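Geometric and topological summary
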Amino acid sequence: MFEGLVAGLLNTYLGEFIENVSKDDLSAAVWSGEVSLTNLKVKTKALNFLQLPIDVIDGFIGRIFLKANWSALGSRPVEVAIENIFLIARPREDFDTEAKYALESAIRAKIRKLGSWQKLKLASPEMENSKGGGSWAEKLTTKIVNNLQVSIKNVHIRYEDPSLGSNSKETAACLGVCLSELTLYTTNSEWKKEFITDLQSKVLFKKLDMKGLGVYFNTNSNQLSKAKDLAYYFRSTAEFRHIAPPISGFVQLSHNTDNSPTLKEPKVKVDCGLDALGFSLSETQYQSMLKVLHVLSKTQSKISKIYDKIKFDEGSQKDKGV
């Protein structure tokens, strides 16, 4: 039951962002309990749905790993790990096909939502109209989600603006974000990792650990054309001009699931802890940053007008009963 649902969701969403995903191989891997996809190329239009003023020039994901013991979902967590995410982006320049893409994107989003809803209903029809604390499928689904473990390692996202470099064909102003590791897992009340089996517990505890999150801004660096090149720069940070040096920290979240109208405690409590937090910006970086923001603002304005027109046209059709 859950194998088919997971396979369908992975096929749908990975296909949107990753090139050349084999649906048959992916489905077979899901049924085996382990999915390991390596050396994945990110589609250049993968982030267009966010309506950002940037284009992905090249993107690469080293590995996506999912592990689920289908016979022991009630006692072992589902694990998701993503490693080596490298993206290079530049200002969006091609607006000729943006209107067409915006319309197609809106249609795909609606189809995706409908498809996911239908898959969920087919996978566990008994979840509907359940009484007495929910059906077996609903309880198991809740347990899976509550104990999901997510790990993300080695992320480097770099934005380049060649128009601001000393040589527009070779150099660019570069804004980059790097992350060494991010893990999310379920804990007990003492913030120790633990598999939670008691669904009657009124409080769910989650912890997020973060290592090596930093932001750099180089006003004049060599342009990179391949996302894999970022792997070298991720390991060798000597060329980075950090405006926010790498930091580590944690977030502890407690969620009160009690829906009683007389609830006296907050629904969500969040505690954060960071090591030394710093920020610095030289005059040269400041002036160049203003130019970058100006370019992005102008581009964002053009994109917003295109998508606003799509929304307006959709609203007009609804008013006419189309």
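Because the structure is a prediction, the values reported are computed rather than measured. (Residues numbered from 1 in each chain as written. Predicted model: local features only at pLDDT ≥ 70, side-chain atom pairs only at ≥ 80, totals over all residues. Heavy atoms only, no water.)

Some remarks on the pairing of strand S2 (residues 54–67)
This is how the line gets drawn: Only protein chains enter the accessibility calculation, which uses a 1.4 Å probe. A residue is then buried if its area is under 20% of the maximum for its type, exposed if over 50%, and partly exposed in between. Where helices and strands are cited, they refer to DSSP runs of H or I of at least four residues and of E of at least two residues respectively, numbered from the N terminus. DSSP-based pairing: two strands are paired if at least 2 bridges between them are found.
Among the 14 residues of S2, eleven are classified as buried, and the element is accordingly described as predominantly covered. Relative to S2, strand S1 (residues 34–41) runs antiparallel, the two being bridged by seven bridges. Among the inter-strand pairings, Leu37 is bridged to a residue of S2, identified as Ile64. Relative to strand S3 (residues 79–91), S2 runs antiparallel, the two being bridged by twelve bridges. Note on S3: the bridge partner recorded for Leu66 is Val80.

Points about the packing of aromatic side chains
Here is the rule: Aromatic pairs are defined between Phe, Tyr and Trp rings, using the six-membered ring for Trp, whenever the two ring centres lie within 6.5 Å; interplanar angles under 30 degrees are classed as stacked, those over 60 as edge-to-face, and all others as tilted.
For the structure on display, the rule yields three aromatic pairs. Each ring, one from Phe60 and one from Phe86, has its centre 6.4 Å from the other, and the planes form 5°; the classification is stacked. Here Phe86 lies in strand S3 and Phe60 lies in strand S2, a separation of 26 residues in the sequence. Residue classification places Phe60 among the buried residues on the basis of a relative accessible area of 12%. Phe86 gets classed as buried once you look at its relative accessible area, which sits at 4%.

Points about the nonpolar core
Selection criterion: In this text, buried Ala, Val, Leu, Ile, Met, Phe, Trp, Tyr and Cys residues form a nonpolar core when linked through side-chain atoms within 4.5 Å. It only takes one pair of heavy atoms within 4.5 Å for two residues to be counted as in contact.
Membership of the largest hydrophobic core comes to 25 residues, with the highest contact counts inside it found for Ile18, Leu40, Val42, Ile61 and Leu73. Sorting the residues of this core by element identifies S1, S2, S3 and helix H4 (136–146) as the ones contributing at least two each. With residues up to four places along the chain from it excluded, the contact list for Val42 reads Phe17, Ile18, Glu19, Gly59, Phe60, Ile61 and Leu87. Counting nine residues, the second largest nonpolar core, distinct from the first, contains Ala173, Phe217, Met289 and Leu296.

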